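Remarks on the overall topology
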Amino acid sequence: MAQTESDTRGTSIEKNAADLVVEDVSVKRDLAYGGEDTLPPPPDFTPEQQKALYRKIDLRLMPILTLMYLCSFLDRGNIGNAKLQGLVTQLDLTGNKYNIALTMYFVPYCLFECPANLVLKKFRPSRWLPGITLLWGLIMTMMGLVKTYPQLVGTRICLGIVEAGLFPGVVYYLTLWYPRHMIQYRIGIFFGGATLAGAFSGLLAFGISFMSGTAGLLGWSWIFIIEGIVTVVVGFISFFILVDFPHTATFLTPEERAYVIHRKKYDNSSVGEEEHFEIRHIWETLLDWQVYFHILIYMSIIAPLYGISLFLPTIINGFGFSTPISQLLTVPPYVFATITLLVWAIWSDRIKKRYPFVLAGLTYCLVGFAINISNAPIGVKYFGTFLIVAGSYAGFPGVVAWLGNNLAGHYKRGVGMALHIGIGNFSGAIASNIYRTQDGPRYILGHGIELMFVGIGFVFVPITVLAYKRINARRDALVQESQEKGTRYTPEELRRMGDRAPDFRYTL
């Protein structure tokens, strides 16, 4: 789908690219896209039928994916709640041991994201995603039984390895189903599970804390065990709900499958994307400037997100509230963030732009951290946590959708998004170590470093937007010149060029 400033050109690129293609190629096996050669011709659906179709897909995919990610974020972040329920005392987490335990999750999590995305299609999404969910649920349950610090670190490393495949895998999976200007709302719903996890985490920790002493285990153990068992159940159920790809989705009619594939084929190309894997896809991704700019933008949002999700209970506890009240006070900021996230996601897809909402999220974080690093009253600082949580969580789906919109080719997008998320998440490892016990209750060092990350975003978002605008304008001129000179490309050439093709327009 060509992206320009007007909606009329944002709906399809077929007209733009018509003069670039040598011949009108019928569907052949070497050019067929997404299994379309096994299906009937795509029907002409009315707008109402289109909405009904994607609503049908949403109802099948989004609830279970959201629930899986809710469990994922709950399981990686509940250590912040467990810290207030005796974890530090019983395991003797003196000095920086707690921060190191947090960091050791992120190292394998970042390293295994790219390999996980490469094997997703090979092992089938309907088996791979539920399988890793089931496995990390078991690891989470075992974490509640650890007795020493090395055991805690070991289980955190295992958790990072297994969870690495979920988020980039699901985002890539969604790009196989939805057109690129319908994707942020779906990522928003999916990632809303993480935002809700923040709210549920506080509520669950408050309730589970009353189990402390049961079977000789403290409250922190029961937090890990109960939430791990819930994840195992969700993973088992998901085996029976998830499907693989549009052309194999039996819950859709053959005509509906043909329409979904047709819509995706002409979403960002006049001939469809490359679906097979070649080594050059990895090299093209590694040499693509936009991947590295987006990694820095990702870091500017994910560092505040992980910082606040892992330490919000501790920060609020530093305001002078008791542990149970601190757990409950973490809930309202996440509720506010969930509402903000969904509003921004719908708005972004409607105007077909990502950067305004990324900048809005950075602005929220800037104001929120500035408030908390100051000597403001406790009530004002608590208000600042609302802005930080909302800015980081609501801005995040736009960051992920933006790069996904601008990479063409199944494997290039899969590798690019895995690198984007994998390398970017190293800032989460940094965020795990900047809120030190000795810096409380103001945490000047932690808030200051978060402000540095936000500043990086304010630098690279405008640079990326300007670069995209310049390239889009150059391609508009190239199309005009090609039409005048009669220059044409074969479908094979356009498909091989991917997002470098003259008919591809970057989303802003």
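Refer to the structure presented above.
Residues numbered from 1 in each chain as written. Predicted model: local features only at pLDDT ≥ 70, side-chain atom pairs only at ≥ 80, totals over all residues. Heavy atoms only, no water.

**Examining the overall build of the protein chain**
- In terms of helices and strands, the protein chain carries 21 helices and zero strands.
- Computed over C-alpha atoms, the radius of gyration of the protein chain comes to 23 Å, within 12% of the 23 Å expected from 2.2 N^0.38 for 508 residues, which places it in the range of a compact globule.
- Oriented by its inertia axes, the alpha-carbon framework of the protein chain measures out at about 75 × 45 × 40 Å.
- Out of the 508 residues in the protein chain, the part that is buried amounts to 60%.
- The contacts of the protein chain with a sequence gap of at least 6 include a subset with a gap of at least 24, amounting to 83%.
- In the protein chain, 43 side chains carry a positive charge and 37 a negative one; their mean positions are 5 Å apart. (Helix = DSSP H or I, 4+ residues; strand = E, 2+ residues; numbered from the N terminus. Rg over C-alpha atoms; globule rule 2.2 N^0.38 Å. Buried < 20%, exposed > 50% of the residue type's maximum accessible area, 1.4 Å probe, protein only. Contact = heavy atoms within 4.5 Å. Lys, Arg positive; Asp, Glu negative; His and termini not counted. Charge placed at Lys NZ, Arg CZ, Asp CG, Glu CD.)

**Points about the nonpolar core**
- Ile-57, Leu-65, Phe-167 and Trp-177 are the most contacted members of the largest nonpolar core, which totals 126 residues.
- It is helix α3 (residues 47-77) that contributes the most residues to this core, 13 residues altogether.
- Setting aside chain neighbours within four positions, we find Phe-167 in contact with Tyr-69, Tyr-109, Phe-190, Phe-191, Phe-396, Val-400 and Ile-421.
- Ranked by size, the runner-up nonpolar core spans seven residues in total, among them Val-291, Ile-295, Ala-303 and Leu-403. (Core = buried A, V, L, I, M, F, W, Y, C linked by side-chain atoms within 4.5 Å.)

**Here we look at the environment of Leu-362**
- Within the fold, Leu-362 resides in helix α16 (residues 355-373).
- C-alpha of Leu-362 to C-alpha of Tyr-69: the two residues are 293 residues apart in sequence and 23 Å apart in space.
- Excluding anything up to four places from it in sequence, Leu-362 contacts Ser-300, Ile-301, Val-454, Gly-457, Phe-458 and Val-461.

**Observations concerning helix α6 (residues 125-143)**
- An ideal rise of 1.5 Å per residue puts 27 Å on 19 residues; α6 measures up with 27 Å between its terminal C-alpha atoms.
- Of the residues making up α6, those classed as buried are Pro-125, Ser-126, Leu-129, Pro-130, Ile-132, Thr-133, Trp-136, Gly-137, Ile-139, Met-140, Thr-141 and Met-143.
- In this structure, the buried residues of α6 make contact with α3, α5 (97-123), α7 (149-163), α8 (166-175) and α10 (219-238). (Expected span 1.5 Å × (residues − 1).)

**A look at the packing of aromatic side chains**
- Going through the model one piece at a time under the given rule, you end up with 35 aromatic pairs.
- For the pair Phe-167 and Phe-191, a centre-to-centre distance of 6.2 Å together with 70° between the ring planes defines the contact as edge-to-face. Here Phe-167 is found in helix α8, whereas its partner Phe-191 is found in helix α9 (residues 183-208), with 24 residues between them in sequence.
- Relative to Tyr-435, the ring of Phe-311 lies with its centre 5.2 Å away and its plane at 35°, an arrangement referred to as tilted. Here Phe-311, found in helix α13 (residues 289-317), pairs with Tyr-435, found in the loop between α19 (426-431) and α20 (444-485); they are 124 residues apart in sequence, far enough to count as distant.
- When its relative accessible area of 3% is taken as the criterion, Tyr-435 is described as buried.
- One aromatic cluster in this structure is built from Tyr-69, Phe-167, Phe-190, Phe-191, Tyr-298, Tyr-334, Tyr-393 and Phe-396.
- Its end group placed over the ring of Tyr-149, Lys-97 keeps NZ or CZ at 5.3 Å from the ring centre.
- Residue placement shows Arg-180 over the ring face of Phe-504; its charged tip is 5.0 Å from the ring centre. (Phe/Tyr/Trp six-rings, centres within 6.5 Å; stacked < 30°, edge-to-face > 60°. Lys NZ or Arg CZ within 6 Å of the ring centre and 35° of its normal.)

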